[in-house]
Protein chains: 2
Amino acid sequence: MAQNKIGKRTFRPGEPVCISHWASVAGKKELEGPLGHQFDRTSTDTKFGEKTWEQAEKRMQQLALQTLLEKSQLKETDLDVVYSGDLLNQCIGSSFTLRNTGIPHIGLYGACSTMAESLLLAAMTAGGGYADHIVAMTSSHFASSERQYRFPLGYGGQRTPTAQWTVTGSGAALIQRRTGKIEITSATLGTVTDLGITDAANMGCAMAPAAFDTIRTHFDDTHTAPEDFDLIVTGDLGSLGKEALIYLFRREGICIGGKLTDCGTLVFDAPKQDVHAGGSGCGCSAIVLCSELLSKLQSGKLKKILFCGTGALLSPTSTQQKLPIPGICHGVCIETRR
Amino acid sequence: MAQNKIGKRTFRPGEPVCISHWASVAGKKELEGPLGHQFDRTSTDTKFGEKTWEQAEKRMQQLALQTLLEKSQLKETDLDVVYSGDLLNQCIGSSFTLRNTGIPHIGLYGACSTMAESLLLAAMTAGGGYADHIVAMTSSHFASSERQYRFPLGYGGQRTPTAQWTVTGSGAALIQRRTGKIEITSATLGTVTDLGITDAANMGCAMAPAAFDTIRTHFDDTHTAPEDFDLIVTGDLGSLGKEALIYLFRREGICIGGKLTDCGTLVFDAPKQDVHAGGSGCGCSAIVLCSELLSKLQSGKLKKILFCGTGALLSPTSTQQKLPIPGICHGVCIETRR
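The rules behind each value
Residues numbered from 1 in each chain as written. Chains lettered and ligands numbered in written order. Predicted model: local features only at pLDDT ≥ 70, side-chain atom pairs only at ≥ 80, totals over all residues. Heavy atoms only, no water. Contact = heavy atoms within 4.5 Å. Buried area = accessible area lost by both parts, 1.4 Å probe. Salt bridge = Lys/Arg side-chain N within 4 Å of Asp/Glu carboxyl O. Polar contact = N/O pair within 3.5 Å; in protein donor to acceptor, adjacent residues only side chain to side chain. Helix = DSSP H or I, 4+ residues; strand = E, 2+ residues; numbered from the N terminus. Nonpolar A, V, L, I, M, F, W, Y, C, P; charged D, E, K, R; others polar. Buried < 20%, exposed > 50% of the residue type's maximum accessible area, 1.4 Å probe, protein only. Least-squares fit on C-alpha atoms with pLDDT ≥ 70 in both. 1 Å grid on protein atoms, 1.4 Å probe; cavity = no way out; pocket = protein on both sides within 12 Å on 5 of 7 lines; lining within 4 Å. Points joined across faces, edges and corners; volume = space filled by probe spheres on them.

As for the interface of chain A and chain B
On the chain B side, the residues contacting the 72 residues of chain A number 72 residues. Broken down residue by residue, the surface that chain A buries against chain B is led by Gln90, Tyr130 and Val192 of chain A, which jointly contribute 16%. At the junction of chain A with chain B, the criterion picks out 6 salt bridges. The shortest N-O distance in the salt bridge between Asp80 of chain B and Lys5 of chain A comes to 2.7 Å. Here chain A is connected to chain B by 42 residue pairs in polar contact (both at pLDDT 80 or more). Counting only elements with at least two residues in the side of chain A that touches chain B, the list comes to helix H2 (53–72), strand E5 (81–86), helix H3 (92–98), strand E6 (105–107), helix H4 (114–127), helix H5 (142–149), helix H11 (316–320) and strand E15 (327–336) of chain A. Here the side of chain A that touches chain B takes 7 residues from H4 of chain A, the largest share from any one element. A class-by-class count of the residues in the side of chain A that touches chain B yields 33 nonpolar, 26 polar and 13 charged.

Some details on the environment of Lys5 of chain B
Position of Lys5 of chain B among the secondary structure elements: in strand E1 (residues 5–6). For Lys5 of chain B, a relative accessible area of 14% puts it in the buried group. Sequence separation between Lys5 of chain B and Asp221 of chain B is 216 residues; the distance between their C-alpha atoms is 9.5 Å. Ignoring sequence-local partners within four residues, the contact set of Lys5 of chain B consists of Asp80, Gly129, Tyr130, Ala131 and Asp132 of chain A together with Thr10 and Phe11 of chain B. Of the polar contacts made by the side chain of Lys5 of chain B, one reaches the side chain of Asp80 of chain A; its length is 2.7 Å.

Focus on the relation of the copies chain A and chain B
It takes a turn of 180 degrees to lay chain A on chain B, together with a shift of 0.0 Å along the axis; the resulting RMSD is 0.0 Å. The superposition operator between the copies reduces to a two-fold rotation axis. Taking C-alpha positions as reference, the residue of chain A nearest the rotation axis is Leu108 of chain A, located at 2.0 Å.

What to know about the layout of surface pockets
Taken as a whole, the largest pocket holds about 630 Å³ of empty space. Considering the residues around the largest pocket, the lining is formed by 32 residues, among which Glu146, Arg150, Phe151, Ala200 and Ala201 of chain A are closest to the centre. Every element with two or more residues in the lining of the largest pocket is listed here: H5, helix H6 (203–222) and H11 of chain A. Broken down by class, the residue content of the lining of the largest pocket amounts to 15 nonpolar, 12 polar and 5 charged. As a volume, the second largest pocket reaches approximately 490 Å³. Lining the second largest pocket are 23 residues, with Glu146, Tyr149, Arg150, Phe151 and Gln158 of chain B positioned closest to its centre. Looking at the lining of the second largest pocket, the elements that each hand over two or more residues are helix H5 (142–149) and helix H11 (316–320) of chain B. The dominant element in the lining of the second largest pocket, judged by the number of residues it contributes, is H5 of chain B, at 3 residues. Class assignment of the residues belonging to the lining of the second largest pocket gives a composition of 12 nonpolar, 7 polar and 4 charged.

Right, here's the structure in full:
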């Protein structure tokens, strides 16, 4: 068996791998939320000075990358590869960010699981001795998502109570071997899982089975249980998806509730900010990780977390064709070196 | 420096990595082309027995995966990860293929560079000891692409002389350590590159600068020249993009023409099949690699090739917003063990 494979779907980096720096960029509503004071850069202009929302998403990624480079005192030419993707059709947020920069790019599509997916690949790459400086990055934008997945904003469509609010934001993390105290110690690959949910306005519940599958597999593969973690953080299940996940674990006799939190419930004050079931989007788990979570790991307030990016792999076409919503969840175990 | 990094953007797998098996699935027009007799499975039904073209793409990937498993005598549960992506919005061809199979999935978006991108990551993963059985896979479909990127087929839009014809097909390759005689010896990561071309009906020329950049970097990083390869194969530049690439090399005093071929020119008989500048799509380089190229490497007719997947990272939205067409090209060096 491959020497760095643990159990069924988990691996550990071939050599110790650290998240050395991180950066977050967020929009107005996120700034007004409970984590607002923690983001590196924010803007109250929904277009971030660009002409379109799609280009605003590019701008947010550019700002996240630039901030990351400033913090790490690296230049663009020092970067060996950027793993990134977003929700826009053909991931144009990510590709236009890196256009003509000369930075090697691996494009990903994992919907809202992209931050975890990119971290997982970055850990594999750094730990395998393939590259020195690796960036994991993603973004999402409320307005470009609404237009692409739902209704034109000007139409004024009503949101159902189970709907979530796509986060406007971008997060980026720098992964290197042995540089820093925050280590990626293992990661569990996700499988495409669904229980047949077809309501595209209830994505939290559609993704919960994938989160359950990955978290349970991580426990099995690494011989751990909820009590071994300070926090198990899902990407963007929102309040309803989180409840569904707790229920799925309870059915198996596992009590996960006390350790579980969700980036979609952390990023907004749901009742006050009228976001219904919470935040969502690639940017949701990205900006929560690249502010609150990594800061708390750095300061020692958290020592070991399981960061579980959750993605709904639907498209407007698959919904129109009455197909269910497949989910995926990649799990990354992040620990503070003792 | 990372021990498996070579030069600026190239790496070699940590341990020897082989392409042990491969499979190809193709449609009617591809069956009628020069390589038609080489594909494992073909269908003259554009929907491959499904209700929609998008689901046909899923079906092609399922058939490619199934054929690969049959050839390698493996079961789905033996697979550690499938790296795959496609051209459909949100990559629904790939995610629905793996839905509820229990097979770990990393979703990619590299447009038509996806076959090379997935091979590159598979080589990294196998060579790093992270997994035992890895599949690299992709697909495209003429009808779903036309509808999504251009016009509804029923509209009967005229194609310009520079246009290419999206291949209907899927290719899959199995990557393992030390099992077989066909080895991935190095790979060069692509950068997002364009020279400002905005004509979405001339994607070959839009992608040529990215191919030039990656191939030249591969030569530099590995201290090789065109004469060190039996063949340098680009993904889907078509006849015009190929000419542009030859021109870009000639400008630097490098004669690449004699070694260069392009999957888009191999898969169809362009004048006879009325495909204008040649084939394109993720499936184009995938089915040419997973038939003609790997067969010739297996039989020893080819000994060393540089397989360069080329992708145009545009979207209909970026075109409508009058943005240029960024290209990317990932290069994978494939050799027959001596």
